[in-house]
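An overview of the molecular structure
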Amino acid sequence: MKIKKLIVSSLQEAVEEVRNLYGPDATILSTKIVKKRLIPFLPYPSRSQLEVTIGIPDTEDFPSHLKVQESVYEEINKLKESLREVVELVRRQKVESDEEIKPLESEYSLRALNLMNKLMNRGMTKDVAKAIVDASCGYDYELRKLDLKGETFESLKIGLESTIPILKSFEEDLTDFKVITLIGPTGVGKTTTVAKLAYIIKELGRRVGVITIDSYRVSAVQQLKTFTDIMELPFRKADTPQRFRECIEELSSMDVVLVDTGGRSHYDELKVKELVPFFNKLPALEVYFTISANMDERVMVEALERFSVLPVNGLIFTKMDETVYYGYILNLVYRTRIPILCFTTGQRVPKDIVMADYNYIAGLFLKVEE
């Protein structure tokens, strides 16, 4: 309850004032006669008035208000706990990274160690980073340590060229008839990548045809047909291995036939094996495993293992614009020795595609600093 005081001339005036100012729920608690000076700085003359003490009931729902406050404090505490966990994780990773680098201080120059640290901060494992930096270095007799062969960017390029395979001759190898198919999990961007590759190959002066064997997603088929219509390329749809062979025959006058496959969960072994009858013993076949760069490295490895029911000629990494942990993709390439064909960096067709290039790869790790 809130307490207020009023100075009035009479009790009747007090009742009216209380009702008008504070409503019917207000209560007069007490009254007393007080003397009020008519002239403030003189004790006389004075006039008797009524001082009224009023009680005003609280209208706020304190239990409900308190409950809301407690809920807010609980959320704040949860947020603080989450932030502490993130800070601790970052601190632990930094300590682990520093601990991994420290034993190498006697072996490498400061420049080489800095480069190794940059690679590892982007998700590259120590053994892969060390292999790349080793290839980037020569022995400095003054320092008595391994040091980068030149500027950081050029040295990293040298290291990548020695350790990370890419398909340099893709364009030159398009002289003979090829069937190029993209396989991979659901949602990695195979359909738009097929359209981008079709545009690149057409711009090189080669005749291109496109086939889809995606019998699951009507929208993807329509999307690819729209792309091929815009580029004025022949388009076929095949939902059985027999029809697929017929489509290959129909497009045999092309230099390259690009094949889009429906996405399949790599955990569904039967669905993955459905691809085998389409491509088994198909001549001039090249298979490119397409995977999203923002996936966890372990998921990439599992998916590649499951899709290896077909011989994989190269790797395509999509959604490069959705990650900064580029080390994951190089870990996969280094260990499998499967070369990279290209990267995609967005959804735009025919843009947002980069054919594998050591300048581009080196820039992924050094573009923030240089």
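Cut-offs and rules
- Residue numbering note: each chain is counted from 1, following its sequence as written.
- Local features in this predicted model are restricted to residues of pLDDT 70 or higher, and side-chain atom pairs are both shown and tallied only at a pLDDT of 80 or more, whereas totals for entire chains, interfaces and linings draw on every residue.
- By convention in this description, side-chain values take in all heavy atoms of the structure and omit both hydrogens and water.
- Counted as salt bridges are all cases of a side-chain nitrogen of Lys or Arg within 4 Å of a carboxyl oxygen of Asp or Glu.
- Strands are runs of DSSP state E lasting at least 2 residues, helices are runs of H or I lasting at least 4, and numbering of each runs from the N terminus.
- Whether a residue is buried, partly exposed or exposed follows from its accessible area with a 1.4 Å probe, protein chains only, as a fraction of its type maximum: under 20%, in between, or over 50%, in that order.
- Being paired, for any two strands, means DSSP has found at least two bridges between them.
- Seen with the strands pointing away from the viewer, any crossover whose path from the first strand over the helix to the second strand runs clockwise is right-handed.
- Definitions used for this entry: grid spacing 1 Å over protein atoms alone; cavity, a set of points where a 1.4 Å probe fits but cannot get out; pocket, an open set with protein on both sides within 12 Å along at least 5 of 7 lines; lining residue, one with an atom within 4 Å of a point.
- Grid points are joined across faces, edges and corners, and a volume is the space filled by probe spheres set on the points.
- Under the convention adopted here, Pro, Cys and the residues Ala, Val, Leu, Ile, Met, Phe, Trp and Tyr are nonpolar, Asp, Glu, Lys and Arg are charged, and Gly plus all remaining residues are polar.
- By definition in these notes, contact holds between two residues if any of their heavy atoms fall within 4.5 Å.
- Every axis in this analysis is a line fitted to C-alpha atoms, fitted for helices over the stretch in contact. Angles between the N-to-C directions lie between 0 and 180 degrees.
- The set of buried Ala, Val, Leu, Ile, Met, Phe, Trp, Tyr and Cys residues whose side-chain atoms join them within 4.5 Å is what this entry labels a nonpolar core.
- Oblique is the label for any angle not under 35 degrees, not over 145, and not in the 65 to 115 range, which are roughly parallel, roughly antiparallel and roughly perpendicular in turn.
- Two helices that cross are described as forming a left-handed crossing if the nearer one is turned anticlockwise from the farther one by less than a right angle, and a right-handed crossing if clockwise.
- Each aromatic pair joins two rings of Phe, Tyr and Trp (for Trp, the six-membered one) with centres within 6.5 Å, and gets the label stacked for planes under 30 degrees apart, edge-to-face for over 60, and tilted for any other angle.

With respect to the pattern of salt bridges
Applying the stated criterion across every chain yields a total of 14 salt bridges. Among the ionic pairs, Glu 286 bridges to Lys 178, the shortest N-O distance being 2.7 Å. Taken together, the residues span a long stretch of sequence, with Glu 286 in strand E10 (residues 285-292) and Lys 178 in strand E6 (residues 178-183) at a distance of 108 residues. For Asp 296, the salt bridge identified is with Arg 298, shortest N-O distance 3.1 Å. Members of the salt-bridge network, linked through shared partners, are Arg 236, Arg 243, Glu 246 and Glu 250.

Regarding the pairing of strand E11 (residues 314-318)
For E11, the tally of buried residues reaches five of five residues, placing the bulk of the element in the interior. Judged by which residues are buried, E11 turns out to be covered on both faces: Gly 314, Ile 316 and Thr 318 on one side and Leu 315 and Phe 317 on the other are all buried. As paired elements, E10 and E11 share five bridges and run parallel to each other. Along E11, the bridge assignment pairs Ile 291 with Phe 317. Of the pairings in the sheet, the one linking E11 to strand E12 (residues 340-344) comprises three bridges and is parallel in character. When the bridges of E12 are listed, Phe 317 appears paired with Phe 343. Once you follow E11 into helix H12 (residues 327-336) and on to E12, the crossover reads as right-handed.

Some details on the layout of surface pockets
In this approach, a probe sized like a water molecule rolls over the atoms, and the result shows the empty space that is left. Of the volumes computed, that of the second largest pocket is approximately 180 Å³. Taken together, 14 residues line the second largest pocket, and the ones lying closest to its centre are Gly 187, Gly 189, Lys 190, Thr 191 and Arg 217. Of all the elements in the fold, those that place two or more residues in the lining of the second largest pocket are helix H6 (190-203) and helix H7 (218-231). Split into classes, the residues belonging to the lining of the second largest pocket amount to three nonpolar, eight polar and three charged.

Side note on the environment of Lys 32
For Lys 32, the position within the fold is in strand E2 (residues 27-37). Put simply, Lys 32 and Ile 7 are 25 residues apart on the chain and 9.8 Å apart in space, counted from C-alpha to C-alpha. With residues near it in sequence (within four places) discarded, Lys 32 still touches Gln 49, Leu 50 and Glu 51.

Thoughts on the pairing of strand E4 (residues 137-140)
Pairing of E4 with strand E5 (residues 145-148), which is carried by four bridges, proceeds in the antiparallel orientation. In the sheet register, Tyr 139 faces E5, and the bridge partner there is Leu 146.

Quick look at the sheet that holds E12
Taken together, the eight strands give an open sheet; going across it, the order is E8-E7-E9-E6-E10-E11-E12-E13, and neighbouring strands pair in mixed fashion. Here the strands that pair on one side only, and so sit at the sheet edges, are strand E8 (235-237) and strand E13 (353-355). With strand direction ignored, the average angle separating the axes of adjacent strands in the sheet is 20°. Here E6 runs beside E10; their pairing, made up of five bridges, is parallel. The partner of Ile 180 across the bridge, within E10, is Glu 286. Here helix H8 (residues 241-250) sits on the sheet in contact with E6, strand E7 (208-212), E8 and strand E9 (256-260), set at roughly 165° to E8. Packing of helix H11 (residues 297-307) onto the sheet brings it into contact with E6, E10 and E11, and relative to E10 it is tilted by some 155°.

Section: the nonpolar core
One finds Ile 211, Phe 244, Phe 279, Phe 317 and Ile 340 to be the most contacted residues of the largest nonpolar core, which totals 65 residues. Dropping the residues within four chain positions of it, Ile 211 is found in contact with Arg 236, Ala 238, Phe 244, Cys 247, Ile 248, Leu 251, Val 257, Leu 258, Val 259 and Asp 260. By size, the runner-up hydrophobic cluster in this structure holds 26 residues, among which are Ile 201, Val 221, Leu 224 and Leu 258.

Remarks on the packing of helix H5 (residues 152-163) against helix H13 (residues 358-366)
When two helices pack together, their arrangement is captured by the angle between the axes and the distance separating the axes. Contact geometry for H5 and H13: axes closest at 9 Å, N-to-C directions at 120°. Taken as axis vectors, H5 and H13 run oblique relative to one another. Seen from above, H5 lies across H13 with right-handed handedness. Residues Thr 152, Phe 153, Leu 156, Lys 157, Leu 160 and Glu 161 of H5 lie in contact with H13, whose contacting residues are Tyr 358, Asn 359, Ile 361, Ala 362, Gly 363, Phe 365 and Leu 366. When its residues are assigned to classes, the contact of H5 with H13 shows eight nonpolar, three polar and two charged.

Re the packing of aromatic side chains
The relation between two aromatic rings is expressed through the spacing of the ring centres and the mutual angle of the planes. The final tally for this structure, using the stated rule, is 10 aromatic pairs. Relative to Tyr 328, the ring of Tyr 325 has its centre 5.9 Å away and its plane inclined at 20°; by these criteria the two rings are stacked. The exposure class of Tyr 325 is partly exposed, given its relative accessible area of 41%. Ring-pair connections join several aromatic residues into one group, and the members of that group are Phe 244, Phe 278 and Phe 279.

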